[in-house]
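Notes for the structure review
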Amino acid sequence: MGRLRDLKKATEAYWADKISRDELLAEGKRLRLEHWKIQKDAGVDVIPSNDFAFYDQVLDHHQLFGTVPERYSKYNLNPLDEYFAMGRGLQKEGIDVPSLEMVKWFDSNYHYVKPTLQDNQEFKLAAQPKPVAEFLEAKAAGITTRPVLLGPVSFLTLAKADRDQTVDPITLLEKLLPLYVELLAQLKAAGAEDVQIDEPVLVFDLAEKSKAAFKPAYEKIGALGAQGPRITLATYFGDIVHNIDVLADLQNLHSIHIDLVRNPEQLDTVVAALGPKQVLSAGVVDGRNIWKTNFKAAIEKVENAIQKLGKDRVIVATSSSLLHVPHTLASEKTLDAEVRDWFSFAVEKAAEVVVIAKAVTEGPAAVREQLEANAKSVQARASSPRTNDPAVKARQAAVTPEMHNRKSAFPERYAEQTKTLKLPLFPTTTIGSFPQTKEIRIQRNKFTKGEITPEEYEKFIEKEIQEVVKVQEELDLDVFVHGEPERNDMVQYFGERLTGYVFTTHAWVQSYGSRCVRPPIIVGDISRPAPMTVKESKYAASISPKPMKGMLTGPITCLRWSFPRDDVHQSVQAQQLALALRDEVVDLEAAGIAVIQVDEPALREGLPLRTGEARVAYLKWAVDSFKLSTAGVTDGTQIHSHFCYSEFQDFFHAIAALDADVLSIENSKSDAKLLKVFIDEAYPRHIGPGVYDIHSPRVPTEQEIKDRIEEMLAYLTPSQLWANPDCGLKTRGWPETKAALTAMVNAAKYFRQKY
Ligand code: GLN
Ligand code: ZN
């Protein structure tokens, strides 16, 4: 993205017709050069190229292999616009195509565009392949790079058949391979001695056909011999021990890269499986988190590999690409010196790789100063009062199993809740936020800059809450919300009110396309010095007789959408967050809030990539954290939770185990059949599958919503069903929000009559 999200700014300016195509292309070129130079100046020997993308590196391969679906190619757009049309859709001058599907990249919060293939897919290498062009561009600047390609097995394994198509992408391997061979030959002819081919799917539990594809794929690629470059096969975000037999078919590759930050224990197995001349690329600098590398530990890992392979057969590297960490610590002007010294962003990580390599090749004396400073910093962090809070630890030690369970089972709770809440059948509610208007952002900005007093800001927030309450009264909704006008972001808002968190000003990472997020950083033990949301919820409840729903972000979502600590297990951090939230939940209840929603949209993204022990363990502590945060209330308080997706097939039991009284999930764009699992498993509690899509300004008709609820009733009983939108309304405008909710309330009333 560039140091100041330069690429985001340029792309968005291009989309808004504020700069020309040539200007955008020039900005891309400038950024590539700048990033190659940063690495060269740091002393990195092997510098990647073709890791730059205007939208997404996986999407680049669609144009590279000539697999652009016809609904985009038929417009004969220029290549850049065709590319953006696939990434984000295009609605302009008689053209109306939606984007390709975007999904999360492994277990990260980055989203890639899913390759989408046809039954009779033909492949054709681009006339001027981007990897070759970028290699030459770097070469012209005097920098020899190692181009990065997504490997054929990963490309096809991550791909899917286009809608209405049935092809199993991996069966297209034979057709695709000649393009890799041709591309590698072209790269070699252009002067590339080395190429990196990413096969991250090796960390998955692979289907047999994907696994079997490695042998033919790399035999073909290896057959190029001296006509081709040396190949480094890269894996990351997991270990490859369960697929280790694949390495036997990769013996003609030059080197294998593994992630030794996530899975250091795979080292011995991988080393033993290498061919006699093969090189190990040891990923020892974390590409997924912002902590300064512990040099001593990293050097030990590398020395360990050297002992077995010799110095010539080991490369020192980051664990993965640096896409997932912010650009440079140098941009952070407001971090205090103590914690600043604990961090390392992309630019700093490049320098770390060089220090580690020097330490093992030239000996520690060559980098004595750096090693000493690093040891001091690591030591300082470990013993800092900022990281350790004995009171938090004592509280964790006192957590008992009973603290995770509500006092009674759902039927008794429901009976109590009915007494106070008096809800009709098909109760209506919303997910929390109402439109975050420009005025809200302006006032928040003024408040942050000190241009208005806290009292003035509070008055403004109260006025916003009054409006949201009034609108909900007019709409005749059943369970109200305060609208979340005071929240900048659903994790940052809580982080700012908890100890143990710090915040950056420029540490953006790409989430998808031009969209970036700035995750807060968990540096130490977490606790809640004071109530975080009670004031607003209490105020909202005081101005209306309707039940007011309190609104919190759950422990797992707070953890996943932050940079977590790497010095204590994530389950410990989740439990600390859970205890802090538990206090908040209890305080809300004491303030008269009888419905409390704890959002967990990131629960699924934390699911370990492979089935088995790790997944079971994660689900245990994730579910426990949620339960710990919510179980402190009496039976009469209704606990809601919310998820922004609808596929529960593979972890339904975890969702059920949360024991939430009411779940709201996204469902309007998916098949209502997905709800079948709730009947199959005899789910006993209440559920609100979203009845309309909030991602678009389109207003649904009352009839559409009735049809949707009718479909849902095939899977859920009338007494179980709530009516609510798919998600929060913060990105919507007021007119469409009111119109859509009117349709929703009317539809719910229709069913209330009917049953
Ligand atoms: N309560 C949040 C909101 O309505 C939920 C957001 C989310 O699920 N991503 O904005
Ligand atoms: Zn949501």
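No experiment lies behind these values; they were computed from the predicted model shown.

In this section: the overall build of the protein. Of regular secondary structure, the protein possesses 27 helices and 22 strands. For 755 residues, the compact-globule estimate of 2.2 N^0.38 gives 27 Å, and the protein sits close to it at 27 Å. Along the three orthogonal principal directions, the C-alpha set of the protein runs to about 80 × 60 × 50 Å. Evaluated residue by residue, the protein yields a buried proportion of 57% over its 755 residues. Considering only residue pairs separated by 6 or more positions, the protein has 77% of its internal contacts joining residues 24 or more positions apart. Accessible surface, the protein as shown: approximately 30,800 Å² in total, 54% of it carbon and sulfur. Mean positive and mean negative side-chain charge positions of the protein (92 and 104 charges, respectively) differ by 2 Å.

Neighbouring residues of ligand 1: 13 residues in total, closest Ser433, Glu484, Asp599, His642 and Lys730. Within the side chain of Glu484, an N or O atom sits 2.9 Å from a nitrogen atom of ligand 1. Relative to its free-state accessible area of 300 Å², ligand 1 is covered by the protein chains to the extent of 93%. A per-class count over the shell around ligand 1 returns six nonpolar, four polar and three charged.

It is worth spelling out the nonpolar core at this point. One finds Leu603, Phe643, Phe648, Phe651, Phe678, Tyr692 and Ile709 to be the most contacted residues of the largest nonpolar core, which totals 91 residues. Counting 84 residues, the second largest nonpolar core, distinct from the first, contains Ala161, Ala192, Phe204 and Ala282.

On the secondary structure map, Glu464 appears in helix H18 (residues 454-475). If we ignore the near neighbours within four places in the chain, the residues touching Glu464 are Ile440 and Pro485.

So, about the packing of aromatic side chains. Applying the stated criterion across every chain yields a total of 34 aromatic pairs. Taken together, a centroid distance of 6.3 Å and an interplanar angle of 70° make the contact between Tyr55 and Phe84 edge-to-face. A residue pair is termed long-range when its members are at least 10 positions apart, and Tyr55 in the loop between strand S1 (47-49) and helix H3 (57-64) and Phe84 in helix H5 (residues 79-88) qualify at 29 residues. For Tyr55, a relative accessible area of 5% gives the class buried. Directly above the aromatic system of Phe52 lies the positively charged group of Arg32, at a separation of 4.8 Å from the ring centroid. One Lys or Arg, Arg497, reaches over the ring of Tyr493 and ends 3.7 Å from the middle of that ring.

For the rest of this paragraph, the subject is helix H26 (residues 702-712). Turning to H26, its buried residues are Ile705, Lys706, Arg708, Ile709 and Met712. An end-on view of H26 places all buried positions within 160° of arc, on one side of the element. Where H26 is buried, its residues touch strand S22 (686-689) and helix H27 (734-754).

It is worth spelling out the coordination of the zinc ion (ligand 2) at this point. Six octahedral donors at a metal ideally form angles of 90 or 180 degrees, and four tetrahedral donors ideally form angles of 109.5 degrees. Taken together, the protein donors to the zinc ion (ligand 2) comprise His642 (NE2), Cys644 (SG) and Cys727 (SG), at separations of 2.0 to 2.2 Å. Between the four donor atoms coordinating the zinc ion (ligand 2), the angles at the centre fall across 87 to 122°, so the site counts as tetrahedral. Counting along the primary sequence, the residues that act as donors to the zinc ion (ligand 2) give the motif H-x1-C-x82-C. Here the residue Cys644 occupies a position in the loop between strand S20 (638-643) and helix H24 (652-657), and Cys727 occupies one in the loop between H26 and H27, the gap between them amounting to 83 residues. Classification of Cys727 as buried rests on a relative accessible area of 17%.

The sheet built from seven strands is open, its strands ordered S1-S7-S9-S10-S11-S12-S13 with parallel pairing. Two strands close off the open sheet at either side, each with one partner strand: S1 and strand S13 (314-318). Averaged over all neighbouring strand pairs, the angle between strand axes comes to 30°, with direction disregarded. Sheet topology places strand S11 (residues 255-259) next to strand S12 (residues 279-285); five bridges connect them, and they run parallel. Paired with Ile258 across the bridge in S12 is Ala282.

Let's shift gears to the packing of helix H1 (residues 6-15) against H5. For the pair H1 and H5, the least separation of the axes is 12 Å and the interaxial angle reads 100°. Taken together, the axis directions place H1 and H5 in an arrangement best described as roughly perpendicular. Where H1 approaches H5, its residues Thr11, Tyr14 and Trp15 are matched on the opposing element by Leu80, Asp81, Phe84 and Arg88.

A word on H1. In terms of burial, H1 is largely enclosed, as seven of its 10 residues are buried. Positive backbone phi, at 60°, marks Asp17, one or two positions downstream of H1.

Once that is clear, we can look at the sheet that holds S22. Strand order in the open sheet formed by five strands is S18-S19-S20-S21-S22, with parallel pairing between adjacent strands. At either end of the open sheet lies a strand with only one pairing partner, and these are strand S18 (549-553) and S22. Here the average twist between neighbouring strands, direction ignored, is 20°. Two strands pair when backbone bridges link them, and strand S19 (residues 595-599) and S20 are joined in this way by five bridges, in the parallel orientation. Bridge pairing in S20 links Asp599 to His642.

A few words now on the pairing of S22. For a regular strand, the rule is simple: side chains alternate between the two faces of the sheet. Of the two faces of S22, both are covered, the one formed by His686 and Gly688 as well as the one formed by Ile687 and Pro689. With four bridges joining them, strand S21 (residues 662-665) and S22 adopt parallel strand pairing. Its bridge partner lying in S22, Leu663 is registered against Ile687.

Here the focus is the pattern of salt bridges. For the structure shown, the criterion picks out 59 salt bridges. Residue Glu12 pairs with Lys8 through a salt bridge whose shortest N-O separation is 3.2 Å. Of this pair, Glu12 and Lys8 are both found in helix H1, four residues apart, which corresponds to roughly one turn of the helix. Among the ionic pairs, Lys209 bridges to Asp168, the shortest N-O distance being 2.6 Å. Of this pair, Lys209 sits in helix H9 (residues 208-222) while Asp168 sits in the loop between strand S8 (160-161) and helix H8 (173-190); the two residues are 41 residues apart in sequence, bridging distant segments of the chain. Looking at Lys209, the relative accessible area reads 48%, which means it is partly exposed. Overlapping salt bridges, with partners in common, bring together Arg381, Lys393, Asp525, Arg565, Asp566 and Asp567 in one network.

What follows concerns the packing of helix H15 (residues 390-397) against helix H22 (residues 570-590). Interhelical geometry of H15 versus H22 gives an angle of 90° and a closest axis separation of 11 Å. Relative to H22, H15 is oriented roughly perpendicular. On the side of H15, the interface is formed by Val392, Arg395 and Gln396, while H22 contributes Val572, Gln575, Gln576, Leu579 and Asp583. Partitioning the contact of H15 with H22 into residue classes produces three nonpolar, three polar and two charged.

Let us look at the pairing of S11. Across the five residues that make up S11, a large majority, five, are buried. On S11, burial covers both faces: Ser255, His257 and Asp259 on one face and Ile256 and Ile258 on the other are all buried. As defined by bridge partners, strand S10 (residues 230-234) adjoins S11 across three bridges and the pair is classed as parallel. Across the sheet, residue Thr232 finds its bridge partner in S11, namely Ser255. Tracing the backbone out of S11, into helix H10 (residues 267-273) and back to the parallel element S12 gives a crossover that is right-handed.

Analysis parameters
- Residues numbered from 1 in each chain as written.
- Chains lettered and ligands numbered in written order.
- Predicted model: local features only at pLDDT ≥ 70, side-chain atom pairs only at ≥ 80, totals over all residues.
- Heavy atoms only, no water.
- Helix = DSSP H or I, 4+ residues; strand = E, 2+ residues; numbered from the N terminus.
- Rg over C-alpha atoms; globule rule 2.2 N^0.38 Å.
- Buried < 20%, exposed > 50% of the residue type's maximum accessible area, 1.4 Å probe, protein only.
- Contact = heavy atoms within 4.5 Å.
- Areas by Shrake-Rupley, 256 points an atom, 1.4 Å probe, with all protein chains shown as cover.
- Lys, Arg positive; Asp, Glu negative; His and termini not counted.
- Charge placed at Lys NZ, Arg CZ, Asp CG, Glu CD.
- Near = heavy atom within 4 Å.
- Polar contact = N/O pair within 3.5 Å; in protein donor to acceptor, adjacent residues only side chain to side chain.
- Nonpolar A, V, L, I, M, F, W, Y, C, P; charged D, E, K, R; others polar.
- Core = buried A, V, L, I, M, F, W, Y, C linked by side-chain atoms within 4.5 Å.
- Phe/Tyr/Trp six-rings, centres within 6.5 Å; stacked < 30°, edge-to-face > 60°.
- Lys NZ or Arg CZ within 6 Å of the ring centre and 35° of its normal.
- Arc of directions from axis to C-beta.
- Donors = N, O, S within 2.8 Å, 3.2 Å for Na, K, Ca; no water.
- Tetrahedral: all angles 85-135°; square planar, octahedral: opposite > 155°, others 65-115°.
- Pairing = 2+ DSSP bridges.
- Axes fitted to C-alpha atoms, helices over the stretch in contact; angles between N-to-C directions.
- Parallel < 35°, antiparallel > 145°, perpendicular 65-115°, else oblique.
- Salt bridge = Lys/Arg side-chain N within 4 Å of Asp/Glu carboxyl O.
- Right-handed = clockwise from strand over helix to strand, strands pointing away.

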